[in-house]
Structures are given as structure tokens and as C-alpha cells.
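Observations on the three-dimensional arrangement
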Amino acid sequence: MNKNYTASIPLFLVILSAFGCGSGGGSNSVNLKVFHALTNAQSIDFLLNGEREVDNLGDWLMSDWLSFEEGTKRIEVEVEGLLTPVIDTNVSFSVEQKYTVYVVGTVAEPSIFVQRDSLNDGPQSGELFRLRIVDLSVQNNLYDVYLLPKSSVFSTGFQIGSA
């Protein structure tokens, strides 16, 4: 039995937009975006080596590109009203790479998922687009993803159903 999950459509669209045009910084820097999927937190702040890089990022939104030097960086995620960061960890970043940091889970059990993005994630010759789907659910449900013709259920041309 399939169920449609229209609530997943905004997440899908945001993730698809993560691979759109634009880049940060110069050729010797690391480029990073932050995606806020932390359940029960309206907004988050993202700190890199103690410096507030993203302030008040709304839930299910993605930051602009951040650009910084390669190496191991301290990542902190703060939630309004809490005295200590919900995430405080170190992550290594390689030069001339792009990353997306997904802040996921709940405020009580937060985590980050760091995805390295290829510098050539855009469509290659003969391709219309490339698509990456990331499951950020706090539940352990399995989902099937269907790409359907535009004339089908949703005018956007895709349907997400439960297995």
C-alpha cells in the first residue's frame, strides 16, 4: 500500500536546489552550506571555530555558501533558549571541496551528517539534471522514491511513497 507524503516535497525541492548554480570563495577554499532539519527547533545558529557564521537559520532552510580554509574545524550548533550548544564536534574539510552539513535529529538527540559534494555535481553532457535524495527522517521508516511523468499525481512530476 502506498501513501503520498506531500510534506516531503519542500525538503526534496530544497535539496535539489542545493546543487544549483553559484559557489563560494576562491579556488583554494572549502565551500559549505548548512541545512537545518533539527526537529523541534525553530531556528539554529551555526558556529565555525567559535565564529557565528549562520545566525537564526529557519527550520527546513539552507544557508548561503560559507567559504573558509581547509583543515579540521570545530562545529557548534546552538538553539535559542539553551545555554550550551546542542552539537559541538570537530570535522575535517579538504581544500577545493564543497560540503553540505545537515543538522538532523531532535534537540534532545541531535547529530550532523556531512555530505561532500562533487565540484562537478551539475549536469554532464547529455544529462538534463542530477538529483540527490537524502533521508533526514528521525524515524527508521523505509521509503521508496518514484519519479513519474509530469501528467501524474503531482504537477511537479514526482511522488514520494512509503514502502
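The text that follows walks through the structure, step by step, so that each part is easy to find. (Residues numbered from 1 in each chain as written. Predicted model: local features only at pLDDT ≥ 70, side-chain atom pairs only at ≥ 80, totals over all residues. Heavy atoms only, no water.)

This next bit is on the sheet that holds strand 6 (residues 87-93). The four strands are arranged 3-2-5-6 in an open sheet whose pairing can be described as antiparallel. Both outer strands of the open sheet, strand 3 (51-58) and strand 6, are each paired with one neighbouring strand and no more. Shown here is a sheet whose adjacent strand axes are inclined to one another by a mean of 25°, direction ignored. Here strand 5 (residues 71-79) pairs with strand 6 via seven bridges, running antiparallel. Each residue of the ladder has a partner; that of glycine 71, found in strand 6, is phenylalanine 93. (Pairing = 2+ DSSP bridges. Helix = DSSP H or I, 4+ residues; strand = E, 2+ residues; numbered from the N terminus. Axes fitted to C-alpha atoms, helices over the stretch in contact; angles between N-to-C directions.)

With that settled, the discussion passes to the pattern of salt bridges. A complete count under the given rule lists four salt bridges for this structure. Between arginine 52 and aspartate 45 there is a salt bridge; the shortest N-O distance is 2.9 Å. Of the residues examined, arginine 52 reaches a relative accessible area of 42% and is grouped as partly exposed. The buried category is assigned to aspartate 45, whose relative accessible area is 17%. The salt bridge involving aspartate 88 is made with arginine 74; its shortest N-O contact spans 2.7 Å. Of this pair, aspartate 88 sits in strand 6 while arginine 74 sits in strand 5; the two residues are 14 residues apart in sequence, bridging distant segments of the chain. Owing to a relative accessible area of 35%, arginine 74 belongs among the partly exposed residues under this scheme. (Salt bridge = Lys/Arg side-chain N within 4 Å of Asp/Glu carboxyl O. Buried < 20%, exposed > 50% of the residue type's maximum accessible area, 1.4 Å probe, protein only.)

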